[in-house]
Amino acid sequence: MSKTSLHVALDRRTFFRGAGLTAVAVLGTGLLGACSSAVEEQSAGAAGTSEPVRGGTLKAGIGEDVLPATFLTNTSGATTVIGLAYDSLISYPHDKVEPQPRLASGWTLAPDGLSLALDLRDDVTFHSGRPFTSKDAEFSIRTYADPKWTAQLRSTAAAITAFDTTDPHRLVLTFAHPLGNIFDLLDTVPILDSETIDKLTAGEAFIGTGPFKLTARVPSTSLTFERNENYWIPERPYLDRVEVSIIPDAQALLSSLKSGQVQLVNGLNYRDIETIGKTAGYQAIPLEGAELQVYVGTNVTNPALSDVRVRKAIAYALDRERIVSEVFRSSGYPVNLPWPKSSPAYDEARNSTYTRDVVKAKQVLAESVVAVPNLTLSYGAGNPFYEATAQIVQANLAEIGIQTTLDPQEYASFVKNLIGAQFPGLWVTFHSWAQYVPSTLTVSAYPFNARKNASRFDSPAYVAAADAAWKVPDGFSDQAIAAYGAVSDQLLENLFLIEIGVIYNQYAAAAAVRDVGWTKRSEIQLTDTYLA
């Protein structure tokens, strides 16, 4: 496929056509324009008309270090390393679920939806200097499918039954059944280096094809990135160096930003971000298209939570409006279901099934057949919005007679308990993936996976609904929307997860930091970033 071919844009219905669909995305004309359109669509920063400035060091602060064992789980820390040092085969813009070229320059989906041919760039090298080929794409997808990595889209990766890598610059995938979310997978999987995967596992080296090389790591302290001089996008990145400090305390993060020790942070509480956004010399950067959802999880094998009427009482008791307005400073909106308003699964009628009603909550609780002892309410320690949310949830439940004990857990332990379904009672955290093709959520995300989830919820009806939605080739068709409605009904009926609200993740930065980018998974992208 020629690098000077025209890019054929796809609307979401055309992209997901099941019969006779040919999805072709190729590179535009020119040098810089030929390579950077997907990146340029995903950036934001301070207002201004200054020309990009080459060079300089950006100093950033984040709350958690990368954990090698959970590198493919979309957890904080890993999102920084993957965003800076790795590439994916395709990328999604913020406002659409529509594939754009990245390391794959074009693709063709078979009319029956059972295979996908990808044309790969021939000018990409790993940080080690080794050329990227179709075998590297195969290795990355197979690694993502390996259960030891506990990746959230593993079921989609595992549904790929064959890889044809005969041509080093062409990859043909064969599927066990049509995969309505195959491009979600290709947007998500970072291209990994097979020669250094053992070092990645040990946390010793993170070798990708991305715009920056990770050159130094001091565990729990810092990450240092240097410009990749051989990056496939000409003249990118602009920055010479990115120094990332690991600062677990949100107030310390804020102090570091205000004092100028760092220029870009992720992990502030929303009240501070709101204030920063109104302060001269600073900016708040909302990550549009990378919505998160805050929710209350339940372990349905806990005797007190095994009766769905107890879970319904909790759903009626929650003051969603207060949590969204106070904790998240109205950076979002209350929901009963995980889908953001941009999703084809969003349904306003279903979404208002459970509104705050203390009287109703008490009535439903009185109808339950189980005693409700003091329940554990777990959340990630050191995170100001998790703690504040948990405190409001605790107060809401106390109003209807359910007592809880707050259980702040160190971040690594919290993630381990989420993945391993080890929470004894209730928990509060974010989930993601609802901003993608809706079927991805119920066959992939830890809280929602129909076959194995953090709540230990097991239901043949839920599995059937999730699978039916997953196997519709056109993810925006009437058939797909009807299937998503069946999934939503299962979620509302069983309430193993109780949604609170859709929340917009945000960065805070000095005004001099321009054109910060991100993926739909909130992975930071600094390919186009410069210091004005």
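Residues numbered from 1 in each chain as written. Predicted model: local features only at pLDDT ≥ 70, side-chain atom pairs only at ≥ 80, totals over all residues. Heavy atoms only, no water.

*Asks:* Would you mind showing me how to read the overall build of the protein chain here?
*Replies:* What the protein chain contains, in helices and strands, is 17 helices and 24 strands. Against the compact-globule benchmark of 24 Å for 532 residues, the protein chain has a radius of gyration of 23 Å, which places it among compact chains. The dimensions of the protein chain, computed from C-alpha atoms along their principal axes, are 70 × 60 × 40 Å. Expressed as a percentage of the 532 residues in the protein chain, the buried residues total 60%. Taking as baseline every contact in the protein chain between residues at least 6 positions apart, the subset at least 24 positions apart corresponds to 72%. By element, 51% of the accessible surface of the protein chain is carried by carbon and sulfur atoms, the whole surface being about 19,100 Å². In the protein chain, 43 side chains carry a positive charge and 56 a negative one; their mean positions are 2 Å apart. (Helix = DSSP H or I, 4+ residues; strand = E, 2+ residues; numbered from the N terminus. Rg over C-alpha atoms; globule rule 2.2 N^0.38 Å. Buried < 20%, exposed > 50% of the residue type's maximum accessible area, 1.4 Å probe, protein only. Contact = heavy atoms within 4.5 Å. Areas by Shrake-Rupley, 256 points an atom, 1.4 Å probe, with all protein chains shown as cover. Lys, Arg positive; Asp, Glu negative; His and termini not counted. Charge placed at Lys NZ, Arg CZ, Asp CG, Glu CD.)

*Asks:* Could you clarify how one ought to interpret the pattern of salt bridges in this entry?
*Replies:* Close approach of charged atoms allows side chains of opposite charge to pair. Taken as a whole, this structure holds 23 salt bridges when the rule is applied. Here Arg130 and Glu195 are joined by a salt bridge, their closest N and O atoms 3.5 Å apart. Taken together, the positions of Arg130 in the loop between strand E6 (115-120) and helix H4 (134-145) and Glu195 in the loop between helix H6 (182-188) and helix H7 (197-201) put the pair 65 residues apart, joining distant regions of the chain. The partner of Arg241 in a salt bridge is Glu243, and the shortest N-O contact between them spans 2.7 Å. Glu243 sits in the partly exposed class, given a relative accessible area of 25%. (Salt bridge = Lys/Arg side-chain N within 4 Å of Asp/Glu carboxyl O.)

*Asks:* Would you explain the sheet that holds strand E12 (residues 264-266) in this entry?
*Replies:* Sheet strands pair by backbone hydrogen bonding; their relative direction is either parallel or antiparallel. Strands sit in the order E9-E10-E11-E2-E12-E20-E13 across an open sheet of 7 strands; the sheet is mixed. With partners counted over all chains shown, the strands left at the sheet margins are strand E9 (212-218) and strand E13 (282-286), one partner each. Averaged over all pairs of adjacent strands, the angle between strand axes in this sheet comes to 20°, irrespective of strand direction. In the sheet, strand E10 (residues 222-227) pairs with strand E11 (residues 241-246) via 5 bridges, with the strands oriented antiparallel. Counted as the bridge partner of Ser222 is Ser245 from E11. Contacting strand E2 (57-62), E9, E10 and E11, helix H3 (residues 78-85) runs over the sheet at an angle of about 10° to E10. Packed onto the sheet, helix H9 (residues 270-277) meets E13 and strand E20 (506-510) and runs at close to 125° relative to E13. (Pairing = 2+ DSSP bridges. Axes fitted to C-alpha atoms, helices over the stretch in contact; angles between N-to-C directions.)

*Asks:* Looking at this structure, I do not really get the sheet that holds strand E8 (residues 170-175). What am I missing?
*Replies:* The strand order E5-E6-E8-E7 describes an open sheet built from 4 strands, whose pairing is antiparallel. If you trace the sheet from one side to the other, it starts and ends with strand E5 (104-109) and strand E7 (160-164), each paired once. In this sheet, neighbouring strand axes are inclined to one another by 20° on average, regardless of whether the strands run parallel or antiparallel. Where E6 and E8 come together, 5 bridges link them in antiparallel fashion. Across the sheet, residue Ser115 finds its bridge partner in E8, namely Thr174.

*Asks:* Whenever I open this one, H3 confuses me. Can you help?
*Replies:* Counting buried residues along H3, 8 of its 8 residues qualify, which places the element largely inside the surrounding structure. By the burial criterion, the buried members of H3 are Ala78, Thr79, Thr80, Val81, Ile82, Gly83, Leu84 and Ala85. Buried positions along H3 lie against E2, E9, E10, E11 and strand E23 (524-525).

*Asks:* Any chance you could explain the nonpolar core here in plain terms?
*Replies:* A general tendency of soluble globular proteins is for nonpolar side chains to be buried together. The biggest cluster of nonpolar side chains holds 154 residues, and the ones touching the most others in it are Phe71, Leu89, Leu118, Ile141, Phe225 and Leu526. When residues no more than four places from it in sequence are discounted, the contact partners of Leu89 are Pro101, Arg102, Leu103, Ala104, Leu118, Leu120, Phe132, Ala137, Ile141, Leu186 and Ile191. Membership of the second largest hydrophobic core comes to 10 residues, among which are Leu257, Ile273, Ile276 and Ala508. (Core = buried A, V, L, I, M, F, W, Y, C linked by side-chain atoms within 4.5 Å.)

*Asks:* Would you take a moment to explain the pairing of E20 for this structure?
*Replies:* Moving residue by residue along a regular strand, the side chains alternate between the two faces of the sheet. Most of E20 sits out of view: 5 of its 5 residues are buried. The sheet contact formed by E12 and E20 spans 3 bridges and is antiparallel. What sits directly across from Leu264, in E20, is Ala509. The pairing of E13 with E20 spans 5 bridges and is antiparallel. Within E20, the position partnered with Gln283 by the bridge is Ala509.

*Asks:* What am I meant to see in the packing of helix H11 (residues 320-327) against helix H13 (residues 384-399) here?
*Replies:* The packing of two helices is summarised by the inter-axis angle and the distance between the axes. Relative orientation of the contacting elements H11 and H13 amounts to 150°, with a least axis distance of 10 Å. As summarised for this structure, H11 and H13 are arranged roughly antiparallel, according to the angle between their axes. H13 is crossed by H11, and the crossing has right-handed handedness. Contact residues: H11 offers Arg322, Ile323, Glu326 and Val327, while H13 offers Phe385, Ala388, Thr389, Ile392 and Val393. (Parallel < 35°, antiparallel > 145°, perpendicular 65-115°, else oblique. Left-handed = near helix turned anticlockwise from the far one by under 90°.)

*Asks:* Looking at this model, I keep getting lost on the side chain of Arg130. Mind explaining?
*Replies:* Engagement of the side chain of Arg130 in a polar contact is seen with the side chain of Asp193, the distance being 2.7 Å. Leaving out residues up to four positions away in the same chain, Arg130 has contacts with Thr125, Asp136, Asp193, Ser194 and Glu195. (Polar contact = N/O pair within 3.5 Å; in protein donor to acceptor, adjacent residues only side chain to side chain.)

*Asks:* Can you walk me through the environment of Glu499 in this structure?
*Replies:* The residue Glu499 is located in strand E19 (residues 497-503) in this model. The spatial distance from the C-alpha of Glu499 to the C-alpha of Ile402 is 18 Å, given a sequence separation of 97 residues. When sequence neighbours within four positions are dropped, the list of residues in contact with Glu499 reads Gln293, Val294, Tyr295, Arg320, Val335, Asn336, Leu337, Pro338, His431 and Phe448. Polar side-chain contacts of Glu499 include one of 2.8 Å to the side chain of His431.

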